[in-house]
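# Observations on the three-dimensional arrangement
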Amino acid sequence: MVMARHWYSSSPVVDGHPLLDEPSFWPAYLVNLSEGHPPKGFGSDAGDAAAMLDRLHDPSAWPTFTVPLAGGFAVVVHFNSGEEFTSTDYFLTHPEWSQDLVLASDDEDRIGPGLCWPELAALLEGPPDAAGVTDPHARLLLLLPVLGDKAVPEDAATAVVEALVAQGAPEAGEALARQLLHGHPMWGAQHWWFDDDEQSWLCEGSHSPRKTPLGDYLPPHQRAALEACLTLRQPSHAAVTTTW
C-alpha cells in the first residue's frame, strides 16, 4: 500500500534533482516503459544505466523530485525502497491540503494511470521562479510513467523525441518515443473522457485513481484552481510541442 507522504519524514529521503544531470538517469528511470530499447537509445552506457538504477533503488537513500505547478500545486515523485520492495509513487500536493492525492504508484497495489495527455501537456510549462524540475523536457519525461492514454495525438511522439534529444539521446528516437507513450506496463494506455458536469477528465482503467473526478471532495476554490492547473490555456513551449 502507498505510504502517506508525511510518513516519509522518518525515511532516508534524499534530494534526487542532481541525478537529472547524469546521462544514465533517464534509461534507469524509464526502464519499465522502454522494454526492448537499450540504454544507448537514451545516449547512455548500459553499465552506467544499471548503476543508476541501483542508486534509484538504494534502500539507504530514497530520491525525491518535485515538479512545481501553477497555483502552488506540485507533483512529487518519490522512490520508496524498503528491504522487500521498491516502488515509485507520484503525489499531487498543495500546501493547503491535509492529505496528498496519489496519482500513480507501481507498488503491489498498482495505482494508475493518473494523467491523460491533455493534462500532461498542460503541465509542461512550470510557473516562473519555481523550485524543482522546471525544464519542460525533463518535466515531460519525469511524468511519462503517470500517463496512460489511448488517444495521444501524433504530435505527442514528436514532443517526446524532442525531450529525449534535449536530454542527450540520439536524434533518431521515434520508436523509443512511441514505446514510452504506450503507458506503464502495470496499467497501460486507457480510455479517457471529459465529463462536462464534473469539469474533470475521467479514466476507465480498473487501477486508475481517476475513475472519479480529481479532487471532488475539495472546497470549490481549490477545485477550481486544480482544474485551471490541469488545463492547457495557451500553446506550450515551441521547443516541446506544437498544437495539441
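The structure reproduced in this document is the subject of the present report. In this text, all values refer to a predicted model and were calculated from it rather than measured experimentally.

Quick notes on the rules
- Residues numbered from 1 in each chain as written.
- Predicted model: local features only at pLDDT ≥ 70, side-chain atom pairs only at ≥ 80, totals over all residues.
- Heavy atoms only, no water.
- Salt bridge = Lys/Arg side-chain N within 4 Å of Asp/Glu carboxyl O.
- Helix = DSSP H or I, 4+ residues; strand = E, 2+ residues; numbered from the N terminus.
- Buried < 20%, exposed > 50% of the residue type's maximum accessible area, 1.4 Å probe, protein only.
- Core = buried A, V, L, I, M, F, W, Y, C linked by side-chain atoms within 4.5 Å.
- Contact = heavy atoms within 4.5 Å.
- 1 Å grid on protein atoms, 1.4 Å probe; cavity = no way out; pocket = protein on both sides within 12 Å on 5 of 7 lines; lining within 4 Å.
- Points joined across faces, edges and corners; volume = space filled by probe spheres on them.

The next thing to look at is the pattern of salt bridges. Under the definition given, this model contains six salt bridges. Notably, a salt bridge pairs Arg-55 with Glu-22, separated by 3.2 Å at the nearest N-O pair. Taken as a pair, Arg-55 in helix α2 (residues 46–56) and Glu-22 in the loop between β1 (13–15) and α1 (25–29) lie far apart in primary sequence, 33 residues in all. Using a relative accessible area of 41% as the deciding quantity, one classes Arg-55 as partly exposed. Its salt-bridge partner being Glu-154, residue Arg-178 comes within 2.9 Å of it at the nearest N-O pair. In this pair, Arg-178 sits in helix α6 (residues 174–180) while Glu-154 sits in helix α5 (residues 154–166), placing the two residues 24 residues apart along the sequence. What emerges from the salt-bridge pattern is a single network uniting Glu-154, Glu-174 and Arg-178.

Phe-25, Trp-26, Tyr-29 and Leu-144 are the most contacted members of the largest nonpolar core, which totals 57 residues. Residue contributions to this core peak at seven residues, all from α5. With sequence-adjacent residues up to four places away left out, Phe-25 is seen in contact with Leu-19, Leu-20, Met-52, Leu-56, Phe-65 and Leu-142.

A separate point is empty space enclosed by the protein. As enumerated under the stated definition, the model contains one cavity of 30 Å³ or more in all. One number sums up the size of the largest cavity: a volume of about 40 Å³. Forming the boundary of the largest cavity are Pro-23, Trp-26, Pro-27, Phe-42, Leu-141, Leu-164, Gln-167 and Ala-169.

None of this, on its own, says anything about what the molecule does.
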